[in-house]
Structures are given as C-alpha cells and as structure tokens.
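# What the coordinates show
For reference, the chains in residue letters:
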Amino acid sequence: MARKIFGTDGIRGTANTHPMTADYTLRIGAAAGRHFRRDKSNGHRVVIGKDTRRSGYMLENALTAGLTSTGMNVLLLGPVPTPAVGLLTRSMRADLGIMISASHNPHYDNGIKFFGPDGFKLDDASEAEIERILGGDIAPAQPINIGRAKRIEHGQGRYIEYAKTTIPRDVRLSGLRVVVDCANGAAYQAAPDVLWEMGAEVIPIGVSPNGYNINLDCGSTSPQAAVAAVREHGADLGICLDGDADRIVIIDENGAIADGDQIMALFAEKWAEAGLLRGDTLVTTVMSNLGLERFCEGRGLTMERTNVGDRHVVARMREGGFNLGGEQSGHIVMTDYATTGDGLIAGLQFLAAMVTSGKPASELIRNFEAVPQLLENVKYSSGADPLGSDDVCTVITAQEKRIEGHGRLLIRKSGTEPLIRVMAECEDEDLLRDVVHTIADAVREAGKA
C-alpha cells in the first residue's frame, strides 16, 4: 500500500488542517492503539511527550481519546525532548511511544512521531499497518476495557539523570561557560539543568516558550542569536538544539558554526582511535558532504549513505550493527546511548571531548575541508508535480552532464513539506551556483501549476 499519511519522520502538517486536525488525530490514536493492543488485557500502555507548540494541547487530548477508546492506558509526559520519549517507552515497558512535534518547523505546524516498545521509531511495515487500519472501521474496546490516562511528573527527571550518565563520571564541565539555545522548545528545562548539574556555567537562551515562538529566530536552524551570545559572554561553546531537541549544531568560542557532518567526523575519529566505533563505519545520508566521505576514507573508515531521515540511518545502523550515524542537519545517532538523534547527549559528548583533550572547540569543529555545497529549497503548489514535468527532467539531465566528473547532484522531495530540495556539490563554485539555480528555476516554474 502506498504511504499517504506517513512522511520521512512520522506524520506532519499544518495544525488544524488535515491530517493534523483533532478528529483525524483521534482516529490516528485509535488506529495506533488497535495495532499495538495485541490482546484483550488492560495492561497496555503508551507514553506521550510533546514540544511547546500551542496545538500540542489539542493533539495530545485527541490522541489520548483515540488511544483510550481502544483500551490503551496513556501516560502523559508533557514537554520533553524526542529522545526522552524513546528512552521512556523502553524503560517504562510501554507498548508504544508518541512524540507530538514538528521538530524544526514553525509553530503553526505539528506532527506525530511513533516509537515501538524497543524505543526505536516504527518501521515501514508498522506504519503501513496503521495506515491500513486508518482506512477502515476501527473497533473500539468494550466499555470495561476503556483505557485510563494520567500525567507523569518524573519523566523529564528520569531523562535528565540518564543524560548525565552518558559521559565518564570523572569528566566535569567545571570552568566551562556554555551557551545553550533550546529553540523555545522541548528541552527548555532539561538542557540547561543537565549542563549546570554537570558543573558548567550556563547561559540559556530560547527558554521562554509561549506556544508560538518555537524555532523562531533561534535554535539549530537559526543559530545567529547563539553566535551573538557566545561572543557577548566569552563562552567556550554554544549548543543549539531544535524544537524537539533531536538535532544540534555547535558554535565554537569564536562564533564559528559546525554542522552535523563536522560533529560526526570528530566522534568517528575519536571512537575509532579508542576501538569503540563498531565496524569502523559511520552511517550518514545522501546529504552529507563529500568532504566527510574523504575524511573517513583517509582514516581507513567506511562511510555508508542512506536516504534522508534519521529513521533510515538508524535502520541501517541496526542492520549492520553500527553505533554511530546521523545527518548533516544535526541528528547525531549514538545507539550506545539513545535510540534516535539526541542533541543534548551529542553536546555532552562534544564537551567531554573538549575536557579530555584539553583543546578549545575551534580545534575540534574543523575536521575536514568541506566541498562547496549549495542547497535550494523550492516550494511548489498543492497538486503540482514538478519532478514529473518533462521540461524539468530535460533541464536536470542537461545539468547532470555539466557537473559530471566535477561533483554530485541530488534532487528530492521533502518528506515533511511541499518542497523540492535541489542540492549539488562541486569544487567549481561558479558551476555549482549555475547548476543549482538553473534546476531550481525550472522546478519553480513547473511548481506553479
């Protein structure tokens, strides 16, 4: 069955429009409950976390109604990072975990991410089954088996205590001044608390959520505020998280920004030197820079690429028995510590590297020379299919021939937004810009229909 509701990372859309409406979300909850309530007992449970969007209240209540109607007991965590949901799903022996978040998107979007009982995101087969159930009549539980719901006050505390155990006990952050930008999102309490309790002097920004300012001019997609704060306070490091805290960018003491590729390069090299990098392999996506690939090759390491989405990265990691992977956008997946990308734990690992090496962040964030890369996101109208246009295909073919032998070209639809992403890498920056802009212009014209 073709996937209609699930995208790259769960279900996502504009709040109060399909599929992010209260009535449809209730059905999503009921379908998920029907799929995961595998017998008639009343012991099935689901944990639900959310970020700080205003629409989270509506979707939380709708999901709770749908889940309890099929006999699931719901444990409401409130605002917690996405990786906390993965952790608590497993540690609390839940049958299902749900995170209500649209990640780095603006406040008017929202989404639903699902975790299985092992704490990992659902595979394609489970998502397809939930879609199948959604398409039919969803059988409710008998009145005696309707589920219960209650709020859990200790979920965030459990995550905070766990995060602190992911770096060696003898590593303290005393003497380090750290800016942490929580994007007015899910980690606005947890991240500053962890860093302070580990000994750092913390300058928190993006910690005043009002339901509408999540990711607004802050966080990993807009790190300029954190750059300014690092410079103003003379900080040793800046950590920028996104709205649900599953991705990170790093800022050094000079205000320079490092993306996920540079962070993964550091971790891969250090873990390999310590004999901790399983299979001597790093798993990334097709978006990672060619410079990272060359970096790995130069150290005898293998870099494997997957489709975009940390879910695909994790699937390959689990299949191959690897323990490090991620995305250029800042999802850093370390399966020794977490079941999904965890920006806070990645930040702690980076800080630990600073402490143990005695080096400033500026010496740790430039591990390879990136090949010039240009990405242009082109919006298209609902109902349009720019990549199905003969004119666009002709333009793409011509530009592929121009860049062949000089770099690489990647064009794909976003799995979460009505965007075509046109990305290229090339040592010749003039050629790079011309190729990307030519294709983007063609896509833009075709996307008007």
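Now for a quick tour of the structure. As the structure is a prediction and not an experimental result, all values here were calculated from the model.

## Concerning the overall build of the chain
- Secondary structure assignment for the chain yields 13 helices and 18 strands.
- For the chain, the C-alpha radius of gyration of 22 Å lies close to 22 Å, the compact-globule estimate for 449 residues.
- The C-alpha extent of the chain, read off along each of the three principal axes, is 65 × 60 × 40 Å.
- Within the chain, the fraction of its 449 residues that count as buried is 58%.
- Considering only intrachain contacts with a sequence separation of at least 6, the fraction spanning at least 24 residues in the chain is 72%.
- Carbon and sulfur atoms provide 48% of the accessible area of the chain, an area that totals close to 18200 Å².
- Each charge class in the chain was averaged separately, 47 positive and 59 negative side chains, and the resulting centres sit 7 Å apart.

## Topic: helix H8 (residues 260–273)
- Under the 1.5 Å per step criterion, the end-to-end length of H8 is 20 Å for 14 residues, consistent within 8% with the ideal 20 Å.
- Buried residues dominate H8, accounting for 10 of its 14 residues.
- Taken as a whole, H8 has its buried residues at Gly260, Asp261, Gln262, Ile263, Met264, Ala265, Leu266, Phe267, Ala268 and Trp271.
- A distance of 3.1 Å separates the backbone nitrogen of Asp261 from a side-chain oxygen at the start of H8, and that oxygen is part of Asp259.
- Taken from the residues just after H8, Gly275 is the one with a positive phi, measuring 75°.

## What about the side chain of His44?
- Within the element layout of this structure, His44 appears in the loop between helix H1 (22–36) and strand E2 (45–50).
- Here His44 falls in the buried class, since its relative accessible area comes to 6%.
- There is a polar contact of 3.4 Å between the side chain of His44 and the side chain of Asp95.

## Quick notes on the packing of helix H3 (residues 82–91) against helix H5 (residues 155–164)
- Where H3 meets H5, the axes come as close as 10 Å, and the angle between the chain directions of the two elements is 100°. Classified by the angle their axes make, H3 and H5 are roughly perpendicular. Residue-level contacts link Pro83, Ala84, Leu87, Leu88 and Ser91 of H3 to Gly155, Arg158, Tyr159 and Tyr162 of H5.
- Considered class by class, the residues forming the contact of H3 with H5 number 6 nonpolar, 2 polar and 1 charged.

## Focus: H5
- Here H5 has its buried residues at Gly155, Gln156, Tyr159, Ile160, Ala163 and Lys164. On an axial view of H5, the arc spanned by its buried residues comes to 170°, and they lie on one face.

## Considerations on the pairing of strand E12 (residues 281–285)
- Of all the 5 residues making up E12, 5 are buried; the element is thus mostly covered by neighbouring parts of the structure.
- The side-chain alternation of E12 yields two buried faces, one formed by Thr281, Val283 and Thr285 and the other by Leu282 and Thr284.
- Relative to strand E13 (residues 302–306), E12 runs parallel, the two being bridged by 5 bridges. Residue Leu282 lies in a different strand from E13, and its bridge partner there is Met303.

Rules used in this analysis
Position numbers for residues start from 1 in each chain and track the written sequence from start to end. With pLDDT at 70 or above as the cut-off, local features in this predicted model cover only qualifying residues; side-chain atom pairs require 80 or more to be listed or tallied, and sums for whole chains, interfaces and linings still use all residues. Water and hydrogen atoms were dropped before computing side-chain values, which therefore reflect all heavy atoms in the structure. Only DSSP runs of H or I covering at least 4 residues are called helices, and only runs of E covering at least 2 are called strands; the numbering of each starts at the N terminus. Just to be clear, the radius of gyration here is over C-alpha atoms, and the globule rule we use is 2.2 Å times residues to the power 0.38. Under the scheme applied here, a residue whose accessible area is under 20% of the maximum for its type counts as buried, over 50% as exposed, and between as partly exposed, the area being computed with a 1.4 Å probe on protein chains only. Contact definition: two residues touch when any of their heavy atoms are within 4.5 Å. Under the convention used here, a 1.4 Å probe and the Shrake-Rupley method define accessible areas, while residue burial counts only the protein chains that appear. Note on charges: Lys and Arg go in the positive column, Asp and Glu in the negative column, and His and the chain ends are not counted at all. Lysine's charge is taken at NZ, arginine's at CZ, aspartate's at CG and glutamate's at CD. Here, expected helix span is obtained from the residue count minus one, scaled by 1.5 Å. Between N or O atoms, a polar contact is any pair within 3.5 Å; within protein, one atom must be a potential hydrogen donor and the other a potential acceptor, and residues adjacent in sequence are included only when both atoms are from side chains. Between the N-to-C directions of two axes lies an angle of 0 to 180 degrees, each axis being a line fitted to C-alpha atoms and, for a helix, fitted only over the stretch in contact. Relative orientations are named as follows: roughly parallel for angles under 35 degrees, roughly antiparallel for angles over 145 degrees, roughly perpendicular for angles from 65 to 115 degrees, and oblique for any other angle. All residues other than Ala, Val, Leu, Ile, Met, Phe, Trp, Tyr, Cys, Pro, Asp, Glu, Lys and Arg, Gly among them, are scored as polar; the first ten of these are nonpolar and the last four charged. The reported arc concerns the directions from the helix axis to the C-beta atoms and nothing else. The pairing criterion for strands is at least two bridges between them, as found by DSSP.

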